[in-house]
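Working through the structure, step by step
The residues making up each chain are set out below.
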Amino acid sequence: MSKLTLISHHLCPYVQRAAIALLEKGVAFERINIDLANKPDWFLKISPLGKVPLLRIEEADGSEAVLFESSVICEYLEETQAGAALHPADPLIRARHRGWMEFGSSVLSDLWGYETAQDAVQLETKRQALISKFTTIEGALTDGPYFAGSSFSLVDAVFAPVFRYFDLFDTLSDSGIFDGLERVKRWRTALSQRASVKDAVGADYPQRLMEFLEKHSSILLRQSAAA
């Protein structure tokens, strides 16, 4: 049996993808959180990009390997671990799912700009970009509850951390980003109730996210204070 260690950060949505996949597979793993503002030397030695997540795999014979990039880690887990399948069996549908996983990464890019926006113009630009992305997703969804219907998949693992941001953002203001997107809203609710999604972050996640917004002087906080 391999020993798996997930090198992590408390807020990173890409780490959450890997954690969700591990939890869905029922795989035992250790999680080590690091400070990305003060990266330890041992981490920099094993992380080619200096990013999380990393998956450290220690074999019984003492050999060790390290994987980087969340999509690579998730694919490895799908190919090597027992438990529920997180990718469709059909090659074409599986390829389409991989495309939507990449689309999820583009949503995260816009989301970063949204949460770190310094002024109203930048915030509105990113808000409109997110509306456009989620409108596209609305057209791809079926009746759910998950992306592919009744089966939870890696696409769900990608988008669950995206929606988690809005659990806090919605307490600050009504962005209107999900207005009229009924399938997206149902999907968001279903993902929030999934045990693996809940357990992918610590209980202090909302507090840490709030501290992140304060550190970046996010206009989301200033708008909330002015309301």
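Here, the structure is the one placed above.
This one's a predicted model, so the numbers in the text were calculated from it and none came from an experiment. (Residues numbered from 1 in each chain as written. Predicted model: local features only at pLDDT ≥ 70, side-chain atom pairs only at ≥ 80, totals over all residues. Heavy atoms only, no water.)

As for the overall build of the protein
- A tally of helices and strands in the protein yields ten helices and four strands.
- If you list the helices and strands of the protein from N to C, you get β-α-β-α-β-β-α-α-α-α-α-α-α-α.
- Computed over its C-alpha atoms, the radius of gyration of the protein comes to 18 Å, within 12% of the 17 Å expected for a compact globule of 227 residues.
- In the protein, buried positions account for 47% of the 227 residues. (Helix = DSSP H or I, 4+ residues; strand = E, 2+ residues; numbered from the N terminus. Rg over C-alpha atoms; globule rule 2.2 N^0.38 Å. Buried < 20%, exposed > 50% of the residue type's maximum accessible area, 1.4 Å probe, protein only.)

What about the sheet that holds strand β2 (residues 30-33)?
- What the four strands build is an open sheet, ordered β2-β1-β3-β4; its pairing is mixed. Each of the sheet's edge strands pairs with one partner strand only, and the pair in question is β2 and β4 (64-68). For this sheet, the mean inter-axis angle between neighbouring strands, taken without regard to orientation, is 20 degrees.
- When strand β1 (residues 3-8) meets β2, the two strands line up parallel, connected through four bridges. Among the inter-strand pairings, Leu6 is bridged to a residue of β2, identified as Arg31.
- Sitting on the sheet, helix α1 (residues 13-25) is in contact with β1 and β2, with an inclination near 155 degrees to β1.
- The strands touched by helix α3 (residues 70-80) are β1, β3 (54-58) and β4; relative to β3, the strand with the most contacts, the crossing angle is about 40 degrees. (Pairing = 2+ DSSP bridges. Axes fitted to C-alpha atoms, helices over the stretch in contact; angles between N-to-C directions. Contact = heavy atoms within 4.5 Å.)

Considering the environment of Phe169
- Inspection of the secondary structure assignment puts Phe169 in helix α6 (residues 154-172).
- The spatial distance from the C-alpha of Phe169 to the C-alpha of Leu209 is 9.7 Å, given a sequence separation of 40 residues.
- Excluding anything up to four places from it in sequence, Phe169 contacts Leu111, Tyr114, Glu115, Leu209, Leu213 and Leu220.

Here's the deal with the nonpolar core
- Membership of the largest hydrophobic core comes to 69 residues, with the highest contact counts inside it found for Leu111, Phe134, Ile137, Phe159, Phe166, Phe169 and Trp187.
- No other element matches α6, which puts 13 residues into this core.
- Those residues in contact with Ile137 that lie beyond four places of it in its chain are Trp100, Phe103, Val107, Phe159, Val184 and Trp187. (Core = buried A, V, L, I, M, F, W, Y, C linked by side-chain atoms within 4.5 Å.)

Observations concerning the pairing of β3
- Within β3, four of the five residues are buried, which leaves the element mostly enclosed by the surrounding structure.
- Of the strand pairs in this sheet, β1 and β3 are connected by five bridges, and their pairing is antiparallel. The residue bridging Leu4 from the neighbouring strand is Ile57, located in β3.
- Judged from the five bridges that link them, β3 and β4 form a sheet pairing that is antiparallel. In the strand pairing of β4, Ile57 is matched with Ala65.
- With antiparallel pairing between neighbouring strands as the criterion, β3 and β4 make up a hairpin whose turn holds five residues, including Gly62 at a positive phi of roughly 95 degrees.

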